[in-house]
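Listed below, chain by chain, are the residues.
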Amino acid sequence: MAKNKLTPACEAVVIGGSTGSIEVLLSLLPHLPASLSFALIIVVHRKNTADSTLANLLSLKTNSPLYEVDDKDGIKPGNIYLAPADYHLLIEKNRVFALDDSEKINYSRPSIDVTFESAADVYGPALVGILLSGANADGSLGMTAIKKAGGTLVVQQPETAQVGFMPQQAILTNDVDYVLDVSGLIAFLNSLNSVY
Amino acid sequence: MIEENEVDLLLTDLLDVYGYDFTHYSRASLKRRINRIWALDKFPSFAELRYRIRSDADYLRRFVEELTVNVTEMFRDPQFYKALRTEVLHTLAAKPFIRIWHAGCSTGEEVFSMAILLHEANLLHKSLLYATDLNPEVLETARKGIFSLAPMKQYSESYILSGGIYDFSSYYTAQYGYVKFRTDFAEKMVFSTHNLVSDRSFNEFDLIMCRNVLIYFDKALQQRVMNLFDESLGPLGYLALGAKETLKFSSLQPRFKQLDGEKIWRKIS
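All values derive from a computational prediction rather than experimental measurement.

A.B. asks: Explain the overall build of chain B residue by residue, including any values.
C.D. replies: Within chain B, the secondary structure is distributed over 10 helices and 10 strands. Relative to its length of 269 residues, chain B is compact, with a C-alpha radius of gyration of 19 Å against a globular reference of 18 Å. Along the longest, intermediate and shortest principal axes, the C-alpha atoms of chain B span 55 × 50 × 30 Å. Counting over 269 residues, chain B shows a buried share of 54%. Total accessible area on chain B is roughly 11900 Å²; 52% of this is exposed by carbon and sulfur atoms.

This is the structure:
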């Protein structure tokens, strides 16, 4: 994509979603190359249980290593990371994760805004933020932070989302770069992947 | 939004003026907390926030309380408490006296959860619970054993999932939207300020509970605190951490054995 010639190569992609987003991830992941040139970080709202069912479910759909994040895990390109239930997921300048169990934001922990804002701070223009299906406004402020830091904004086309509210909010409050359906998202993510 | 160098200035002030050392706290989390306080207290500029902290000791107490995360609940991660009941307390029962340290106890919900476990295992009479935090304010709340009524329904569900078989509400009396836990539980608790960054070991314990505190520290400080815990644990003592915390980055790992599937480690050498 022409845009990527003007901006630094993508170092990380953060994906946020709520109701209806797991289905999107399940159809997305199998179509990504096994060796991603960026780190893929997923934050989805879910129940407050410490079980790792979702990580197991998602890892069945990808050939990339997928981890539910432990405190202070390092971030490496090629890996897929899932925010653990009941913690906010933040990123330190030295590319390690930091967890935080402070107050819920928008009734959510993990909060998409928290991860997106923290990632924008660290990766700047080398970050892509993607917002999927969901029924609340979490993620919109995070998208604003990513844009402000020079990153790229992608939103699931609201009509194709199970619940269009979350992507719609992001479109209303931000200057979004791409609005895509699932096959568009797959093509976009593949276009980000630079061949070494 | 606060700039990186402004965070540095504030942290230097806190250390120079008050002796609070936050320089090895997780920076991403600190930055978010400072922005939050800045917005909550409506400071028009960073300079005014900084001046207030440097010059107003009363405000400093509020600032530190907001800077540090004091979110806690009773019987969080019920499976963890179940493991405490079945594996840990069962083993400790043989001891003539049981000492437990809740490091970074915040408002004390976990300390009271532990008192309930010990009571139900018929061990509370020979136990002492040391509960420490760097915030005097949250310790004052913990000492009173008075909590909001609102989350009790959820706590009661977690209590049942942890293997509790009694009526949870039998442990407290409710009044005006608050509950007060049994006063004989509080008699077995010792509350005191202790800063994991700077203070030393003060006793030998059979179990140290420190859940969701280390996530706020960088790796260097985590290592210091792990060493402190190691010094403070008796032979075959237990260390319990939060659901996503780990000993895997610590040099102490070979000296501890993890219980199957749980965030509980036993000191084996």
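Right, picking up where we left off after that structure.
A.B. asks: Kindly report on the pairing of strand β2 (residues 127–133) of chain B, identifying the contributing residues and their values.
C.D. replies: Residue and element names in this part refer to chain B. Of all 7 residues making up β2, 6 are buried, and the element is well covered by its neighbours. The β-α-β motif built from strand β1 (residues 98–103), the intervening helix α6 (residues 109–120) and the parallel element β2 has right-handed crossover chirality. Here β2 runs beside strand β6 (residues 189–193); their pairing, made up of 5 bridges, is parallel. Following the sheet pairing, Asp133 is matched in β6 by Thr193.

A.B. asks: Account for the sheet that holds strand β10 (residues 264–267) of chain B, naming residues and giving values.
C.D. replies: All names here are of chain B. Read from one edge of the open sheet, 7 strands run β6-β2-β1-β7-β8-β10-β9, paired in mixed fashion. Edge positions in the sheet fall to β6 and β9 (256–258), since each of these pairs with one other strand and no more. Within the sheet, the average angular offset between the axes of one strand and its neighbour, ignoring direction, is 20°. Of the pairings in the sheet, the one linking strand β7 (residues 205–210) to strand β8 (residues 233–241) comprises 5 bridges and is parallel in character. Paired with Leu207 across the strands is Tyr238, a residue of β8. With respect to the sheet, helix α5 (residues 78–92) is in contact with β1, β7, β8 and β10, its orientation differing from that of β7 by roughly 165°.

A.B. asks: Please set out unusual backbone geometry residue by residue, giving values where relevant.
C.D. replies: Between Arg109 of chain A and Pro110 of chain A the backbone carries a cis peptide bond, its omega angle lying at 10°. A positive phi angle, close to 60°, is found at Asn122 of chain B, a residue other than glycine. Relative to the elements of secondary structure, Asn122 of chain B occurs in the loop between α6 and β2. Assessed through its relative accessible area of 57%, Asn122 of chain B is described here as exposed. Here the phi dihedral of Tyr176 of chain B falls at roughly 50°; this positive angle occurs in a residue that is not glycine.

A.B. asks: Kindly report on the domain arrangement of chain B, identifying the contributing residues and their values.
C.D. replies: Residues and elements named next belong to chain B. As far as domains go, chain B holds domain 1 (4–67) and domain 2 (78–267). For domain 1 versus domain 2, the separation of C-alpha centres amounts to 29 Å. The partner domain 2 presents 12 residues to the 11 residues of domain 1 that form the contact. Of the roughly 1000 Å² buried where domain 1 meets domain 2, counting both sides, 54% is carbon and sulfur surface. Contact with domain 2 buries surface across domain 1, with His24, Tyr25 and Glu65 losing the most and accounting together for 50% of the total. Between domain 1 and domain 2 we count 1 salt bridge in total.

A.B. asks: Report on the pairing of strand β5 (residues 178–181) of chain B, specifying residues and quantitative values.
C.D. replies: Residue and element names in this part refer to chain B. With burial as the criterion, only one face of β5 is covered, namely that bearing Val179 and Phe181; the residues Tyr178 and Lys180 on the opposite face remain uncovered. Of the pairings in the sheet, the one linking strand β3 (residues 146–148) to β5 comprises 3 bridges and is antiparallel in character. The residue of β5 that forms the bridge with Phe147 is Val179. In this sheet, β5 lies alongside strand β4 (residues 172–175) in antiparallel orientation, the contact comprising 4 bridges. From the neighbouring strand, Tyr172 faces β5, where its bridge partner is Phe181.

A.B. asks: Account for the interface of chain B and chain A, naming residues and giving values.
C.D. replies: You'll often see interface size given as the accessible area lost when the parts meet. Counting residues at the interface gives 29 residues for chain B and 26 residues for chain A. Buried area between chain B and chain A, both sides added, is near 2200 Å², and the carbon and sulfur share of it is 43%. The largest contributions to the chain B side of the interface with chain A come from Arg32, Ile215 and Lys244 of chain B, which together make up 32% of the buried area. Counting every contact that joins chain B to chain A gives 10 salt bridges. For Arg33 of chain B, the salt bridge identified is with Glu103 of chain A, shortest N-O distance 2.9 Å. Applying the counting criterion to the chain B and chain A interface returns 22 residue pairs in polar contact (both at pLDDT 80 or more). Put simply, the parts of the chain that give the side of chain B that touches chain A at least two residues each are α2 (27–40) and α10 (219–232) of chain B. The biggest single contributor to the side of chain B that touches chain A is α2 of chain B, with 7 residues.

A.B. asks: Before we move on, could you go through the UniProt feature "active site" (unreviewed entry) in chain A and cite the residues and values that matter?
C.D. replies: All names here are of chain A. Feature annotation in UniProt assigns "active site" (unreviewed entry) to the following positions: Ser18, His45 and Asp138. Spanning 121 residues, the named residues form one tight spatial group whose C-alpha atoms are at most 9.7 Å apart. With respect to the element layout, Ser18 can be found in the loop between β1 (12–17) and α2 (21–28). Judged by its relative accessible area of 12%, Ser18 is buried. If sequence neighbours within four positions are ignored, Ser18 has contacts with His45, Ser133, Gly134, Ala135 and Met166.

A.B. asks: Account for the sheet that holds strand β9 (residues 178–180) of chain A, naming residues and giving values.
C.D. replies: Residue and element names in this part refer to chain A. Taken in spatial order, the 7 strands line up as β3-β4-β2-β1-β7-β8-β9 in an open sheet, and their pairing is parallel. Taken across any chain shown, the strands that pair with only one partner, and hence form the sheet edges, are β3 (66–68) and β9. Across the sheet, the axes of successive neighbouring strands diverge by a mean angle of 20°, strand direction being ignored. Packed on one face of the sheet, α2 meets β1, β2 (39–44) and β8 (152–156) and runs near 155° to β2. Its contacts with the sheet put helix α6 (residues 165–173) on β1, β7 (127–131), β8 and β9, and the angle it makes with β8 is roughly 145°.

The rules behind each value
Residues numbered from 1 in each chain as written. Chains lettered and ligands numbered in written order. Predicted model: local features only at pLDDT ≥ 70, side-chain atom pairs only at ≥ 80, totals over all residues. Heavy atoms only, no water. Helix = DSSP H or I, 4+ residues; strand = E, 2+ residues; numbered from the N terminus. Rg over C-alpha atoms; globule rule 2.2 N^0.38 Å. Buried < 20%, exposed > 50% of the residue type's maximum accessible area, 1.4 Å probe, protein only. Areas by Shrake-Rupley, 256 points an atom, 1.4 Å probe, with all protein chains shown as cover. Right-handed = clockwise from strand over helix to strand, strands pointing away. Pairing = 2+ DSSP bridges. Axes fitted to C-alpha atoms, helices over the stretch in contact; angles between N-to-C directions. Contact = heavy atoms within 4.5 Å. Domains from an automatic or database assignment. Buried area = accessible area lost by both parts, 1.4 Å probe. Salt bridge = Lys/Arg side-chain N within 4 Å of Asp/Glu carboxyl O. Polar contact = N/O pair within 3.5 Å; in protein donor to acceptor, adjacent residues only side chain to side chain. UniProt positions renumbered as here; feature names shortened; annotations may be inferred.

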